[in-house]
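Results of the structural survey
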Amino acid sequence: MSTADHTSPVPSPAPVPAAPTGRKTVLLIGGVDAHVERYVALGVTTVLIQHPDKVTEYQTRAADVLLVVDYTDWDTVRPFAEAARAVYGVDAVVSLTEPGVTPAGRLGDLFGLTDGRRHEVSRRMRDKSLMRRHLAENGLPAPHAALVEGRESLDAFGERAGYPFIVKPVSTTAGFGLLRAENRADLDRVWARIREMDGGRTDRGSTMFTVDGFLMESYIDGPEFSVEALSFAGRHVVVAVTEKLTSQEHFAELGHAVPARLDADDRTALTDAVEEFLTGMGVTDGPSHTEIRLSSRGPLVIESHNRLGGDNIVELVEAAYGIDMIAYGTAWPLGLVEPLTASPEPKGAAVMRVVLREPGTVTAVAGVDEVRARPDVIAAQVNVGPGDTVRPLRDNWDRLGSVVVTAADTDSAVELCERLAGESIRIDVEPAAAAAPVLAA
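Per an unreviewed UniProt entry, the chain is named ATP-grasp domain-containing protein, and its organism is Streptomyces omiyaensis.

Take a look at the structure:
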């Protein structure tokens, strides 16, 4: 049975039957259909608290109980969660998605289902300023960092840390709001953009995040990777190192590849750094996604999340390694899966590349179904159609789609994926009209 309540301050438990005796019950905070699917397959009673903007038809059918509330608001979600626990009994509070990990940790601590530090750890992972301060206080590697506290703080940080340096919201995602201060003359532009964004909601992609302050940190050079890991009672197992395709011109991620093309020494340096980071941050259980660069100073963490990686990374990992990270993330908190004992060996390779075109107006789209039908393609999608605007590329929300493929090795997968995304999928774009020339008086 599924129930939904958009208006009542507290859900009414009376009409809803209790969970069947003997079944585990999970309180799932947010998430996507795949998370609910894993619990259905496990035979777990699923009480889903979902944000009004994120409810799907499948979740409405599949969840045993569906409570539709803004779970990012603690005063709103707490009474619903407490009522659900009173009626059904809750064996674990779980979230595998960015906006849900902090309320899930807080509820787990409140209900006595964790070690009592899950909320504190989740806050440190989400708040980039707290993360940098914690690393510095514990003697772990970190770049220079400081909170933006007025226009003059930009000048002071530039003098101390040098240029370029990065300015980012302390708690958003997917590259939203990232700024690069190139030199002192660039600081007026950076400050104007900070003032424009600060205090509002993210206005691209998900609107579930509030821009609540900015962090400055010194620029980290070198190639970028992400490390996908699973933690079991304080023991971290690296599942994959993901090679990331990025650009100096913007903050959009252009693709991912697993296994990353690394020599053994560099891979060990990255994985050792991430294991040290996770331990230092207090992460003990569940999935994590850590973005890191092999910088001239050695491996340095850019940011990390105690949840699954997005951008098709879980699909890439499963295709290349045969490890379903969603299954581990859902089952481990309930004690329904044995822990991994060692990092897996790859059985192939998988790559994602985004679909990009020059700015303008889309006039036609073709080839997506043909690409999707190929046996070596895991997924292919385009999110624009005729009449849509192609914006200049700034962050992940400006990308037009993606292709995900598998092949015997990473080089082959990269070549195939780039060809399909760049040539086989056709997006015709009429360029934006050039500005009229200004005539001299």
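1. Focus on the overall build of the chain
Along the chain, the regular secondary structure elements total 13 helices and 19 strands. Counting only residues that meet the buried cut, the chain has 52% of its 441 residues in that class. Sequence-distant contacts in the chain: of pairs separated by 6 or more residues, those separated by 24 or more amount to 65%. About 19200 Å² of surface is accessible on the chain, with carbon and sulfur atoms providing 50% of the total.

2. Focus on the pairing of strand β14 (residues 349–355)
Working note: regular strand, side chains alternate between the two faces of the sheet. Counting buried positions along β14 gives 7 out of 7 residues, so the element sits mostly inside the fold. As paired strands, β14 and strand β18 (residues 401–407) are joined by 7 bridges and run antiparallel to one another. What sits directly across from V351, in β18, is V405.

3. A few points about the environment of G139
Considering the arrangement of structural elements, one finds G139 in the loop between α6 (128–137) and β5 (145–147). Looking at G139, the relative accessible area reads 66%, which means it is exposed. Along the backbone, G139 and G280 are 141 residues apart, and their C-alpha atoms lie at a distance of 9.4 Å.

4. Concerning the nonpolar core
Within the largest apolar cluster, 39 residues are counted, with the highest numbers of intra-cluster contacts made by V317, I323, M325 and L340. The element contributing the most residues to this core is helix α10 (residues 313–321), with 6 residues. The contacts of L340, once residues within four sequence positions are left out, are L230, F232, R235, V237, V239, I323 and Y328. Grouped together as the second largest cluster of nonpolar side chains are 24 residues, V355, V384, A407 and C417 included.

5. A closer look at the environment of A407
Its location among the elements puts A407 in strand β18. In this structure A407 touches G348, A349, S412 and A413, once residues within four positions along its chain are discounted.

6. Remarks on the sheet that holds β5
Taken together, 4 strands build an open sheet; the order of strands is β5-β8-β6-β7 and the sheet is antiparallel. With one partner strand each, in any of the chains shown, β5 and β7 (179–181) form the two edges of the open sheet. When strand polarity is set aside, the average angle formed by the axes of neighbouring strands in this sheet is 25°. Where β5 lies against strand β8 (residues 214–218), 3 bridges are found, and the strand directions are antiparallel. Paired with L147 across the strands is L215, a residue of β8. Relative to the sheet, helix α7 (residues 151–161) contacts β5, β6 (165–169) and β8, its axis offset from that of β8 by approximately 20°. Packing of helix α8 (residues 187–197) onto the sheet brings it into contact with β6, β7 and β8, and relative to β7 it is tilted by some 155°.

7. Notes on helix α3 (residues 74–88)
In this model α3 runs 21 Å from its N-terminal to its C-terminal C-alpha over 15 residues, within 8% of the 21 Å that 1.5 Å per residue would give. Every buried residue belonging to α3 is among W74, V77, F80, A81, A83, A84 and Y88, and all of these are buried. Buried residues along α3 sit against β1 (25–29), β2 (45–50), β3 (65–68) and α4 (101–110). Between a side-chain oxygen at the N-terminus of α3 and the backbone nitrogen of D75 the separation is 3.1 Å; the capping residue is D73. Among the residues trailing α3, G89 stands out with phi positive, at a value near 75°.

8. Considerations on the packing of aromatic side chains
Counted under the stated rule, the structure contains 4 aromatic pairs. On the basis of an interplanar angle of 70° and a centroid distance of 5.1 Å, the ring pair of F157 and F165 is categorised as edge-to-face. According to the relative accessible area criterion, F157 is buried, its value standing at 2%. Centre to centre, the rings of F232 and Y328 are 6.1 Å apart; their planes meet at 75°, and the pair counts as edge-to-face. With F232 in strand β9 (residues 224–232) and Y328 in helix α11 (residues 325–331), this residue pair connects regions lying 96 residues apart in the sequence. The buried category is assigned to Y328, whose relative accessible area is 17%. Taking the ring centre of Y219 as reference, the NZ or CZ of R180 above it sits at 4.8 Å.

9. Let's talk about the pattern of salt bridges
Oppositely charged side chains can form a pair if their charged atoms are brought close together. Per the stated rule, a full pass over the model turns up 29 salt bridges. For the salt bridge of R38 with E37, the shortest nitrogen-to-oxygen distance reads 3.8 Å. Within the structure, one salt-bridge network assembled from shared partners comprises R132, K168, E217 and E303.

The rules we used
Residues numbered from 1 in each chain as written. Predicted model: local features only at pLDDT ≥ 70, side-chain atom pairs only at ≥ 80, totals over all residues. Heavy atoms only, no water. Helix = DSSP H or I, 4+ residues; strand = E, 2+ residues; numbered from the N terminus. Buried < 20%, exposed > 50% of the residue type's maximum accessible area, 1.4 Å probe, protein only. Contact = heavy atoms within 4.5 Å. Areas by Shrake-Rupley, 256 points an atom, 1.4 Å probe, with all protein chains shown as cover. Pairing = 2+ DSSP bridges. Core = buried A, V, L, I, M, F, W, Y, C linked by side-chain atoms within 4.5 Å. Axes fitted to C-alpha atoms, helices over the stretch in contact; angles between N-to-C directions. Expected span 1.5 Å × (residues − 1). Polar contact = N/O pair within 3.5 Å; in protein donor to acceptor, adjacent residues only side chain to side chain. Phe/Tyr/Trp six-rings, centres within 6.5 Å; stacked < 30°, edge-to-face > 60°. Lys NZ or Arg CZ within 6 Å of the ring centre and 35° of its normal. Salt bridge = Lys/Arg side-chain N within 4 Å of Asp/Glu carboxyl O.

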